Amino acid sequence: MSGAYSQLLEATISHLEDLKQKGVHYIDVSPESVNALIEPVLRKSDSADGEIRIPPQSVIHSSREDGPSIYDSQRLSSADKVSAMDQLRDEILSSNKSPELLASGANLVFGVGSVDADLMFVGEAPGEDEDREGEPFVGKAGQLLMKIIQATGLDRKKVYIANVLKYRPDTPSKSFGNRKPRKDEIETWFPFLMRQIEIIQPKVIVGLGATALEGLLGHMPTGITRLRGNWQSYRSVPVMPTFHPSYLLRNQSWAVKRQVWEDMMQVMERLNIPISEKQRGFFLRK
Ligand code: URA
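Residues numbered from 1 in each chain as written. Predicted model: local features only at pLDDT ≥ 70, side-chain atom pairs only at ≥ 80, totals over all residues. Heavy atoms only, no water.

### A few points about unusual backbone geometry
Okay, step 1: Located in the positive-phi region is Phe137, a residue other than glycine, with phi close to 50°.
Okay, step 2: Unlike most non-glycine residues, Phe283 shows phi in positive territory, near 65°.
Okay, step 3: Structurally, the position occupied by Phe283 is in the segment after helix 11 (277-280). (Helix = DSSP H or I, 4+ residues; strand = E, 2+ residues; numbered from the N terminus.)

Quick look at the structure:
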């Protein structure tokens, strides 16, 4: 290995260690950067015997799906899951002083439901109601989400509900309303959602709206209108993209309600939840 190359490698590793200490577990790496790191090793003249070798360390994950399967991590008992969640909550609370983590100075909205849930719903960020109550999806969008969950035969206590952001985004220029999270906020907060997913190890995640999907997939492959209903994956966990309940509140058409219901029926099938004839007919025009 040439001196310049090993210096570059050392600097890169130390930078990555630094980020990891700060809670960053995934980074987006361009193909050019990856090539810049691999190229000197591939040059025949650099190796003593002229053979081309690619060291195992040269595999750099550039998207979330490349990370290890969620199911490879240790399966925890319910009690251990609860204490892991408590620890995570404390970690977030003690990082409150950090301006990158806390833009608004509001209440922590951690997540709610069963740590043993097979089904996890991921939303975008708490709004005003959630900030006040300290619980996700308690406002109008939340009430609609509850109706959707109940229509499957499940209830709020049997699933787990969390957001990508754990605090309501600040709205400095407005006196009311909620703001869509910025990309840097999604990236700052995603590691905490990732830890919740690792603890729960759900069988299916429903991604509610574009921000949730952007968080889970690391990028949006296409708009939510085309993505919805098409299975995606987050580190081996099947992810069903669907519209955010707030969108449903704004767009009351039967066609859109039916689309969300069809997404939910795919989730039910995946979880082996029986679907009655009556359920199959929901939101179909007679
Ligand atoms: N919208 C979200 O995405 N999450 C909530 O908790 C409430 C509204």
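The discussion continues.
### Let's talk about helix 10 (residues 254-270)
Okay, step 1: Under the 1.5 Å per step criterion, the end-to-end length of helix 10 is 24 Å for 17 residues, consistent within 8% with the ideal 24 Å.
Okay, step 2: All buried positions along helix 10 are accounted for by Val256, Arg258, Val260, Trp261, Asp263, Met264, Met265, Val267 and Met268.
Okay, step 3: Where the residues of helix 10 are buried, they touch strand 2 (119-123), helix 5 (140-151), strand 4 (204-208), strand 6 (237-242), helix 9 (245-250) and helix 11.
Okay, step 4: Looking one or two residues beyond helix 10, the residue adopting positive phi is Asn272, at roughly 55°. (Expected span 1.5 Å × (residues − 1). Buried < 20%, exposed > 50% of the residue type's maximum accessible area, 1.4 Å probe, protein only. Contact = heavy atoms within 4.5 Å.)

### A look at the sheet that holds strand 5 (residues 232-234)
Strand pairing in a sheet is mediated by backbone hydrogen bonds. Such pairs are either parallel or antiparallel.
Okay, step 1: Strand order in the open sheet made by the 6 strands is 1-3-2-4-6-5, with mixed pairing throughout. Because the sheet does not close on itself, it has two edges, and the strands there are strand 1 (112-113) and strand 5.
Okay, step 2: Across 4 bridges, strand 4 lies against strand 6 in parallel orientation. Across the sheet, Leu208 pairs through a bridge with Thr242, a residue of strand 6.
Okay, step 3: Sheet contacts for helix 5: strand 2, strand 3 (160-163) and strand 4; angle to strand 3, the most-contacted strand, approximately 145°. (Pairing = 2+ DSSP bridges. Axes fitted to C-alpha atoms, helices over the stretch in contact; angles between N-to-C directions.)

### Considerations on the site of the ligand
Okay, step 1: As a matter of local geometry, the ligand sits amid Gly123, Glu124, Ala125, Glu130, Pro136, Phe137, Asn163 and His244.
Okay, step 2: In this structure, a nitrogen atom belonging to the ligand sits 3.1 Å away from a main-chain N or O atom of Ala125.
Okay, step 3: Between the ligand and the protein, one listed contact pairs an oxygen atom with a side-chain N or O atom of His244 at 2.8 Å.
Okay, step 4: Coverage of the ligand by the protein amounts to 91% of the 230 Å² it exposes when considered alone.
Okay, step 5: When grouped by side-chain class, the residues that make up the shell around the ligand number 3 nonpolar, 3 polar and 2 charged. (Near = heavy atom within 4 Å. Polar contact = N/O pair within 3.5 Å; in protein donor to acceptor, adjacent residues only side chain to side chain. Areas by Shrake-Rupley, 256 points an atom, 1.4 Å probe, with all protein chains shown as cover. Nonpolar A, V, L, I, M, F, W, Y, C, P; charged D, E, K, R; others polar.)

### Focus on the pairing of strand 2
One face of the sheet, then the other: side chains in a regular strand alternate in exactly this way.
Okay, step 1: With 5 of 5 residues buried, strand 2 lies mostly within the body of the structure.
Okay, step 2: As defined by bridge partners, strand 2 adjoins strand 4 across 4 bridges and the pair is classed as parallel. Looking at strand 4, one finds that Val122 is bridged to Gly207.

### As for the side chain of Gln196
Okay, step 1: With respect to the helices, strands and loops of the structure, Gln196 is situated in helix 6 (residues 183-200).
Okay, step 2: Among residues more than four places away in sequence, those in contact with Gln196 are Met85, Leu88, Phe110, Gly111, Met120, Tyr160, Ala162 and Lys166.

### As for the pairing of strand 6
Okay, step 1: With 6 of its 6 residues buried, strand 6 lies for the most part within the structure.
Okay, step 2: On strand 6, burial covers both faces: Val237, Val239 and Pro241 on one face and Pro238, Met240 and Thr242 on the other are all buried.
Okay, step 3: When strand 5 meets strand 6, the two strands line up antiparallel, connected through 3 bridges. From the neighbouring strand, Ser233 faces strand 6, where its bridge partner is Pro238.
Okay, step 4: Between strand 5 and strand 6, which pair antiparallel in sequence order, lie 2 residues; one of them, Arg235, sits at a positive phi of approximately 45°.

### Describing the packing of helix 6 against helix 7 (residues 209-217)
Okay, step 1: Look at helix 6 against helix 7: their axes get within 9 Å of each other, and the N-to-C directions meet at 70°. In terms of orientation, helix 6 lies roughly perpendicular with respect to helix 7. When the axes of helix 6 and helix 7 are compared, the crossing they make is right-handed. For the pair helix 6 and helix 7, the contacting residues are Lys183, Ile186, Phe190, Leu193 and Ile197 in the first and Thr211, Glu214, Gly215 and Leu216 in the second.
Okay, step 2: Residues that form the contact of helix 6 with helix 7 fall into these classes: 5 nonpolar, 2 polar and 2 charged. (Parallel < 35°, antiparallel > 145°, perpendicular 65-115°, else oblique. Left-handed = near helix turned anticlockwise from the far one by under 90°.)

### Description of the packing of aromatic side chains
Okay, step 1: A complete count under the given rule lists 7 aromatic pairs for this structure.
Okay, step 2: Between Trp261 and Phe282, the aromatic rings sit 5.2 Å apart at their centres with planes inclined by 40°, giving tilted as the arrangement. Within this pair, whereas Trp261 is found in helix 10, its partner Phe282 is found in the segment after helix 11, the two being separated by 21 residues in sequence.
Okay, step 3: Judged by relative accessible area, which is 24%, Phe282 ranks as partly exposed.
Okay, step 4: The ring of Trp231 carries the charged tip of Arg270 above its face, separated from the ring centre by 4.6 Å. (Phe/Tyr/Trp six-rings, centres within 6.5 Å; stacked < 30°, edge-to-face > 60°. Lys NZ or Arg CZ within 6 Å of the ring centre and 35° of its normal.)

### What to know about the pattern of salt bridges
Okay, step 1: Enumeration over the complete set of coordinates arrives at 15 salt bridges.
Okay, step 2: A salt bridge links Asp129 to Arg132; its shortest N-O distance comes to 2.8 Å. Linking Asp129 with Arg132, this pair stays in helix 4 (residues 128-133), spanning 3 residues, or about one helical turn.
Okay, step 3: We classify Asp129 as partly exposed; its relative accessible area is 29%.
Okay, step 4: Note on Arg132: relative accessible area 54%, which makes it exposed.
Okay, step 5: In this structure, the salt-bridge partner of Arg182 is Glu185, at a minimum N-O distance of 3.6 Å.
Okay, step 6: For Glu185, a relative accessible area of 6% corresponds to the buried category.
Okay, step 7: Salt bridges sharing partners connect three or more residues here, namely Arg179, Arg182, Asp184 and Glu185. (Salt bridge = Lys/Arg side-chain N within 4 Å of Asp/Glu carboxyl O.)

These figures capture arrangement, not role.
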